[in-house]
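Topology and contacts: notes
Spelled out from the first residue to the last, the chains are:
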Amino acid sequence: MHLRYTEGDGETDKEREMTEKRRKRAPRKTERSNSPPARTATGRDAARRAPPAWEWEATFNSIADAVFITDLDGTLLRCNQATLRAVGMEKTEIIGRKYWDVLHGSPLPLPDSPLFTMQEYRRRVSLVIAIANRQYGTRVDPLLDGPGTLVGAIFIMSDITERLKTNELIRHTKEELEDVLRASPAAIVTVDLELVNTSWNPAAERIFGWTALEAIGHRNTEIPRDVYGTHADAYARVLQGETLTGLEARWHRKNGSPVDITFAISPLRNAAGAVAGSALFILDVTDLKRIGEIVKLQEAEVHQLQKMEAIGRLAGGMAHDLNNILTAIIGYSDILTDKLEGNAPLRGHAQAVLTSAERAAALCQHLLTFSKRQVYALCVVNLNGVLASSDQLL
């Protein structure tokens, strides 16, 4: 259907057509009428629109919270089904009785009765009421009549037992977590996206020297410098939701002394699931590294000792074999020296061979001692004699 606009008042053909049809359907007014003016149906319509009593009662009883009404003296005037379930009674058993008798089994009002407190201050009073091992968050509101006069009170009681248990569990869990943070030997630090410290446990105080008061809310540690520097790429992965472990760094304490650490970083998420910061778990490995360096030195010394032991074994074996050969040389040189006469030209040569063989035998004894196959035998040496005998060999 296409609408065509005309100039002037801007009314379309379709709108003019509908207006004309309404005008034809409307009853024509007579110029004169003897009948009285028509009565308005406002009162009847309002009565027709008001819900019947049973509908109000059904709505009242469908409320999950316990709701009851008392007069200014505390007498129960009306209650819903949730109230009956809360007190475990029938309506005929509680209507007309004092509410403190029904709720607490007391013939007299309890001290600081919320009903009288409400009457005194003319405003809502809130408190927690215990009924049969259940806890009810209770609101007492003033009940006013048409002119605004206080005529009673409306009690609304919500069962908050499970919520209180949940809150207690949350509180207990929080205390346990705080105990773990305090007892942890590892430094546990949390930071926001700007790397401002948001928590700082006692181990962090001990390792780095900054107190929690000095660290929380500040960036006065080396965490920002290192995370934005050496480990910038790793931290970018944490912001994407990844947990990193086995990172190593050398930071400095508050007094400037270096501290070697190994740490892990995990993302912290907010209620919406977005990364809102990170948690660092830090171990001080300064002493471990120092011990590791000592162990490396000891390992090098052990390795050197093993090499010397192998050389000693080799030298011992060679000395043993060489000593066997020298025994024959010394024996034959001794025989040759005895056979030659004192002035024979070859006697000096034979004596030199014998002397050299005896020195070689002594050297073998030293090698055997080095290889721990012989015991050291200390003796006095005449250096002049040693030098004189060596002169003949040079």
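In what follows, the accompanying structure is described. These numbers were taken from a predicted model, which means no experiment stands behind them. (Residues numbered from 1 in each chain as written. Predicted model: local features only at pLDDT ≥ 70, side-chain atom pairs only at ≥ 80, totals over all residues. Heavy atoms only, no water.)

1. Observations concerning the overall build of the protein
Along its length, the protein carries 15 helices and 10 strands. Within the protein, buried positions represent 28% of all 394 residues. Carbon together with sulfur atoms contributes 57% to the accessible area of the protein, which is approximately 27400 Å² in total. (Helix = DSSP H or I, 4+ residues; strand = E, 2+ residues; numbered from the N terminus. Buried < 20%, exposed > 50% of the residue type's maximum accessible area, 1.4 Å probe, protein only. Areas by Shrake-Rupley, 256 points an atom, 1.4 Å probe, with all protein chains shown as cover.)

2. Structural notes on the packing of aromatic side chains
With the rule as written, the count across this model stands at 8 aromatic pairs. Taken together, F68, Y99, W100, F116 and F155 form an aromatic cluster joined through their ring pairs. Positioned above the aromatic ring of F60 is the side chain of R78, whose terminal nitrogen or guanidinium carbon lies 5.0 Å from the ring centre. Just above the ring of Y121 sits the side chain of R123; from NZ or CZ to the centre is 5.1 Å. (Phe/Tyr/Trp six-rings, centres within 6.5 Å; stacked < 30°, edge-to-face > 60°. Lys NZ or Arg CZ within 6 Å of the ring centre and 35° of its normal.)

3. Quick notes on the sheet that holds strand β6 (residues 187–192)
Note on sheets: strands pair through backbone hydrogen bonds, and any given pair is parallel or antiparallel. An order of β7-β6-β10-β9-β8 is seen for the 5 strands of this open sheet, with the pairing classed as antiparallel. Since the sheet does not close on itself, it has two edges, and those belong to β7 (197–200) and β8 (244–252), each with one partner. In this sheet, adjacent strand axes meet at a mean angle of 30° when their direction is disregarded. Here β6 runs beside strand β10 (residues 275–284); their pairing, made up of 6 bridges, is antiparallel. In the sheet register, V189 faces β10, and the bridge partner there is L280. (Pairing = 2+ DSSP bridges. Axes fitted to C-alpha atoms, helices over the stretch in contact; angles between N-to-C directions.)

4. Section: the pattern of salt bridges
If you walk through the whole model with that rule in mind, you get 13 salt bridges. Residue D101 is joined to R97 by a salt bridge in which the shortest nitrogen-to-oxygen separation is 3.2 Å. For R97, a relative accessible area of 27% gives the class partly exposed. Measuring nitrogen to oxygen at the nearest pair gives 2.7 Å for the salt bridge that ties R237 to E242. (Salt bridge = Lys/Arg side-chain N within 4 Å of Asp/Glu carboxyl O.)

5. A closer look at the sheet that holds strand β3 (residues 125–131)
Taking strand neighbours across the sheet as the criterion, the 5 strands line up as β2-β1-β5-β4-β3 in an open arrangement whose pairing is antiparallel. The open sheet has two free edges, formed respectively by β2 (76–79) and β3, since each of these has just one partner strand. Strand-to-strand twist across the sheet, computed as the mean angle between neighbouring axes with direction ignored, equals 30°. Strand direction decides the pairing type here: strand β1 (residues 66–71) and β2, joined by 3 bridges, are antiparallel. Within β2, the position partnered with F68 by the bridge is C79.

6. Re the nonpolar core
With 26 residues, the main nonpolar core has W200, F208, W251, F263, L280 and I282 as its most contacted residues. Listing elements by their share of this core, those giving two or more residues are β6, α9 (202–208), α10 (212–215), α12 (232–239), β8, β9 (258–269) and β10. Listed in part, the 24 residues of the second largest apolar core include A86, Y136, L150 and F155. (Core = buried A, V, L, I, M, F, W, Y, C linked by side-chain atoms within 4.5 Å.)

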